[in-house]
Amino acid sequence: MYCLVGLGNPGAQYVFTRHNAGFILVDYIQNKCNCSPWQGEQLYVYSKCENSILIKPLTYMNLSGEAFPYFMRKFSLKLGNIIVAYDDIWLPLGKIRIRKKGSDGGHNGIKSVIDVLQTEEFNRIRIGIGPKPTEIRMAEFVLSEFSDEELSKLYKVITMAKEAFEVIIKDGIDKAMSLYNSKEVE
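Owing to the predicted nature of the structure, the values given are computational and were not obtained by experimental measurement. (Residues numbered from 1 in each chain as written. Predicted model: local features only at pLDDT ≥ 70, side-chain atom pairs only at ≥ 80, totals over all residues. Heavy atoms only, no water.)

Enquirer: Please clarify how the sheet that holds strand E1 (residues 2-6) should be interpreted in this entry.
Expert: Note: strands within a sheet are paired through backbone hydrogen bonds, in either parallel or antiparallel orientation. The strand order across the open sheet built from 7 strands is E2-E3-E4-E1-E5-E7-E6, with neighbouring strands paired in mixed fashion. Only two strands of the sheet have a single neighbouring strand rather than two, namely strand E2 (39-40) and strand E6 (96-99). Alignment of strand E3 (residues 44-48) against strand E4 (residues 52-57), held across 5 bridges, turns out to be antiparallel. Opposite lysine 48, over in E4, you have isoleucine 53 as the bridge partner. (Pairing = 2+ DSSP bridges. Helix = DSSP H or I, 4+ residues; strand = E, 2+ residues; numbered from the N terminus.)

Printed below as a string of structure tokens:
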């Protein structure tokens, strides 16, 4: 059983912010596939799909890792079957990057996950939200909403990320990396 963990911030004021790209992806999959309604736990919500589980930590981005031990125990998940989806300021909007491991790259949500899991070796789908304009502070940028034009492009990227997740489940992460790491949506 695979588990896709989308990182983001809970609350209506954050729904369409750049930092919620991970939440947007799991919401999209939950809506498009044969998945159960979201069910609540103390630190996360989950939805069961045909061959996967979707998770949204409710701890806010910077504490995302705190939910991992709880859902990993509840669903008897192995680290190799978890994929973490999140926004990446260093990738342009229109691209995703799939990786098996890596540093936090300055992303506080991933830093929290690494701190809790005590490893950098977990699968990721990074969703490009960049580039950040130089005149805007990082926190202001990631907590800002996508423009209508950017949302149109984001949903193409989210569709591509959903397809990549399906390839990971069916054919493995190496196949997904070879198919999607060089693609870019218009």
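Enquirer: Hey, could you run me through the side chain of threonine 59 in this one?
Expert: Locating threonine 59 in the fold gives a position in the loop between E4 and helix H2 (68-74). The class for threonine 59 is buried, based on a relative accessible area of 10%. Engagement of the side chain of threonine 59 in a polar contact is seen with the backbone oxygen of leucine 63, the distance being 2.9 Å. If near-sequence neighbours (up to four positions away) are discounted, threonine 59 is found in contact with Leu43, Ser64, Glu66 and Ala67. (Buried < 20%, exposed > 50% of the residue type's maximum accessible area, 1.4 Å probe, protein only. Polar contact = N/O pair within 3.5 Å; in protein donor to acceptor, adjacent residues only side chain to side chain. Contact = heavy atoms within 4.5 Å.)

Enquirer: Would you explain a nonpolar patch on the surface in this entry?
Expert: The grouping of Val15, Phe16 and Tyr155 at the surface amounts to a nonpolar patch, some 240 Å² of accessible area in total. In this fold, phenylalanine 16 is placed in the loop between E1 and helix H1 (21-32). By relative accessible area, phenylalanine 16 is classed as partly exposed at 36%. (Patch = residues over 30% accessible without salt bridge, like charges linked within 9 Å, V, L, I, M, F, W, Y side chains within 5 Å. Areas by Shrake-Rupley, 256 points an atom, 1.4 Å probe, with all protein chains shown as cover. Salt bridge = Lys/Arg side-chain N within 4 Å of Asp/Glu carboxyl O.)

Enquirer: What's the story with the nonpolar core in this structure? I'm lost.
Expert: Side chains of nonpolar character tend, in soluble globular proteins, to be buried together. Formed by 37 residues in total, the largest nonpolar core has its most connected members in Leu4, Leu25, Ile96, Ile98, Ile125, Ile127 and Leu154. For this core, the secondary structure elements donating two or more residues are H1, strand E5 (82-92), E6, strand E7 (123-130), helix H4 (138-142), helix H5 (148-171) and helix H6 (173-180). The element contributing the most residues to this core is H5, with 10 residues. Apart from the residues lying within four places of it in its own chain, the contact partners of leucine 25 are Leu4, Ala85, Ile127, Ile158, Ala161 and Lys162. (Core = buried A, V, L, I, M, F, W, Y, C linked by side-chain atoms within 4.5 Å.)

Enquirer: Help me understand the state of the cysteines in this model?
Expert: Here a disulfide denotes one covalent bond, and it connects the sulfur atoms of two cysteines. Counted according to the given criterion, the structure contains 1 disulfide. For cysteine 35, the disulfide goes to cysteine 49, at an S-S distance of 2.1 Å. Because the torsion about its S-S bond is 100°, the bridge between cysteine 35 and cysteine 49 counts as right-handed. Of the two residues, cysteine 35 is situated in the loop between H1 and E2 and cysteine 49 in the loop between E3 and E4; the sequence distance between them amounts to 14 residues. Exposure class is identical for cysteine 35 and cysteine 49. Each is buried. The structure places no disulfide on cysteine 3, whose sulfur is separated from the nearest cysteine sulfur, that of cysteine 49, by 10.0 Å. This cysteine, cysteine 33, is not joined by any disulfide, and cysteine 35 carries the nearest cysteine sulfur, 5.1 Å off. (Disulfide = S-S within 2.5 Å.)

So far we have only geometry, and geometry alone does not tell us how the molecule works.
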